[in-house]
There are 2 protein chains.
Amino acid sequence: MADHSLPQQIADQLRRDILRGKLAPGAALKERDNASELGVSRTPMREAIRILAREGLVILRPSRSPLVADPSLKEVTDLIEVLRALEMLSGRLACIHATPQEIASIRAIHERMVALYDQVDSLDMFEIDMNFHLSIARASHNTALAETHAAYLARLWRARYLSASQKRSRERVLRQHGTIVAGLEARDPEMAVGEIENHLEHLLINIADLFAARDAERAAEAASERGAIDGDPQTA
Amino acid sequence: MADHSLPQQIADQLRRDILRGKLAPGAALKERDNASELGVSRTPMREAIRILAREGLVILRPSRSPLVADPSLKEVTDLIEVLRALEMLSGRLACIHATPQEIASIRAIHERMVALYDQVDSLDMFEIDMNFHLSIARASHNTALAETHAAYLARLWRARYLSASQKRSRERVLRQHGTIVAGLEARDPEMAVGEIENHLEHLLINIADLFAARDAERAAEAASERGAIDGDPQTA
DNA sequence: TCAATAGATTTGGTATACCAAAATTCGCAA
DNA sequence: TTGCGAATTTTGGTATACCAAATCTATTGA
């Protein structure tokens, strides 16, 4: 995770701030302010912002301040659709090309996740989950695939994190991971790929629910705010 | 194609130079030299190089000059494998989401390509071919998919260009494109996706042949060069 | 009271200066 | 002649200065 180049470090810091909500979606990222905040000059800060733009976490606008991305449900859904194709391909290739050591390592990650079930907080659990999927992609022995897959996971960080925080789905996730590992061990693409598809199908549903809940909350908030300012205005 | 930002323009220029062979694979891209060459400062040149690095056309090395990429057969094969998955997904989604206008426009591109068969040079033909595939990806109405697909096409530009230059495969390509368009018009994913898979399978084979031919050529070259320096050396 | 506009300010884009790490060159010694 | 090493040069990384476009503000006139 740790590239030691300065722009990469700055990008890591900003990414944390964005995902932790310290930088709200839609907020402007001013180069000078953020640079002096971290005690660096604008040059590496600019580069860091480009890195995050590539990951889809910020949006660049020509001659304007970059904004923290605030993806719509459609955009997130589109990303997951592509991620599903990438992970299914990963699974298929991993069944063919993964070494026994790699598969053992994937199982080890899975076992650790099972062992830590309801013992650690969402963030730690999520880091392990992330690793599980990255390892499968790497086991495909297709560098381009592993890179693109990692980029999509990064881009879906927030959405996946929110989804993983719903403790009620943890049991299902673990069961599905188990099936995927079994499929890899049996070198059975049908089993592995089928369960990967299933896994992401649930992610899709989960996230649609989260967006619906969030939108409802926002609507209620906006309504009560309007009410606080002036009583039930007829016109917008 | 034309973003008017300076770094983008520089990147376009460098891309042309790389793909035309003016900048050889493996060559170093020195910031100062290339910048003064184009009459700009290092700042936008640096950004342009990062853009090309993202596309995979140049390789960044920390604290060293970036190099023009020289992908191995394995790397190109890996890219095509992912491209195949992306295009198959595009085809499937396009069958569902493409508007009649979009499908008509894709057919128009195909018809133009048929009309210009053996009338224009490889480069023009290739531009049209590129457009055909990009249009299908856009017709999926999945922005992320279209972007990632475009990135892969850019990365495979050289390999695809070399493949398209082999006139003997043009007839097959046109036939396959025809089937793909028919599949879209019939909203028949089986037909469209199947033929897309077939299409890329042939690209894979084609490119493997090209690499084999190139390697043989290089080996012969190296051998004759060795012979010119000293007669049949026993040890390397 | 509101709208329009001109001036001031903020901000991204570009050029340039400076630094430290690589790479290269040249000289010295074996 | 060759191998090693120090000095020099080259080159990427960072900071900063400057510019132009975009935004904000305040003033003025209807």
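Refer to the preceding data block for the structure.
Thresholds, definitions, all that
- Residues numbered from 1 in each chain as written.
- Chains lettered and ligands numbered in written order.
- Predicted model: local features only at pLDDT ≥ 70, side-chain atom pairs only at ≥ 80, totals over all residues.
- Heavy atoms only, no water.
- Near = heavy atom within 4 Å.
- Polar contact = N/O pair within 3.5 Å; in protein donor to acceptor, adjacent residues only side chain to side chain.
- Helix = DSSP H or I, 4+ residues; strand = E, 2+ residues; numbered from the N terminus.
- Nonpolar A, V, L, I, M, F, W, Y, C, P; charged D, E, K, R; others polar.
- Salt bridge = Lys/Arg side-chain N within 4 Å of Asp/Glu carboxyl O.
- Buried < 20%, exposed > 50% of the residue type's maximum accessible area, 1.4 Å probe, protein only.
- Phe/Tyr/Trp six-rings, centres within 6.5 Å; stacked < 30°, edge-to-face > 60°.
- Core = buried A, V, L, I, M, F, W, Y, C linked by side-chain atoms within 4.5 Å.
- Contact = heavy atoms within 4.5 Å.

This paragraph deals with the protein's contact with DNA strand C. Within the structure, DNA strand C sits among 19 residues, and Lys 30, Arg 42, Arg 46 and Ser 65 of chain A together with Thr 43 of chain B are positioned closest to it. Within the side chain of Ser 65 of chain A, a nitrogen or oxygen atom sits 2.5 Å from a phosphate oxygen of DNA strand C. At a separation of 2.7 Å, a base nitrogen of DNA strand C approaches a polar side-chain atom of Thr 43 of chain B. Elements represented by at least two residues in the surface near DNA strand C include exactly α2 (31-38), α3 (42-55) and β2 (64-68) of chain A together with α1 (6-19) and α3 (42-55) of chain B. When the residues that make up the surface near DNA strand C are grouped by side-chain class, the tally is six nonpolar, four polar and nine charged.

The subject of this paragraph is the pattern of salt bridges. Summed over the entire model, instances satisfying the criterion amount to 30 salt bridges over all chains. With a shortest N-O distance of 2.8 Å, Asp 78 of chain A and Lys 74 of chain A are connected by a salt bridge. Here Asp 78 of chain A and its partner Lys 74 of chain A are both found in helix α4 (residues 73-97), four residues apart, which amounts to about one turn of the helix. Residue classification places Lys 74 of chain A among the partly exposed residues on the basis of a relative accessible area of 46%. Of the charged contacts, one joins Glu 201 of chain A and Arg 84 of chain A as a salt bridge, the two residues approaching to 2.3 Å between their closest N and O atoms. Of this pair, Glu 201 of chain A sits in helix α10 (residues 189-229) while Arg 84 of chain A sits in helix α4, and the two are 117 residues apart along the sequence. What you see here is one network of salt bridges that share partners, running through Glu 31, Arg 42, Arg 46 and Arg 50 of chain A together with Glu 47 of chain B.

Moving on: the packing of aromatic side chains. Within this structure, the stated rule accounts for six aromatic pairs over all chains. Of the aromatic side chains, those joined through ring pairs into one cluster are Phe 126, Trp 157 and Tyr 161 of chain A.

With that settled, the discussion passes to the nonpolar core. Grouped together as the largest cluster of nonpolar side chains are 118 residues, with contacts concentrated most on Ile 80 of chain A together with Ile 80 of chain B. Apart from residues lying up to four places away in sequence, Ile 80 of chain A is in contact with Leu 156, Leu 200, Leu 203, Leu 204 and Ile 207 of chain A.

With respect to spatial proximity, 21 residues lie near DNA strand D, and among them Thr 43 of chain A together with Lys 30, Arg 42, Arg 46 and Ser 65 of chain B are the closest. Within the contact set of DNA strand D, a phosphate oxygen lies 2.5 Å away from a side-chain nitrogen or oxygen of Ser 65 of chain B. Looking at the surface near DNA strand D, the elements with two or more residues in it are α1 (6-19) and α3 of chain A together with α2 (31-38), α3 and β2 (64-68) of chain B. For the surface near DNA strand D, the residue count by class is six nonpolar, five polar and 10 charged.

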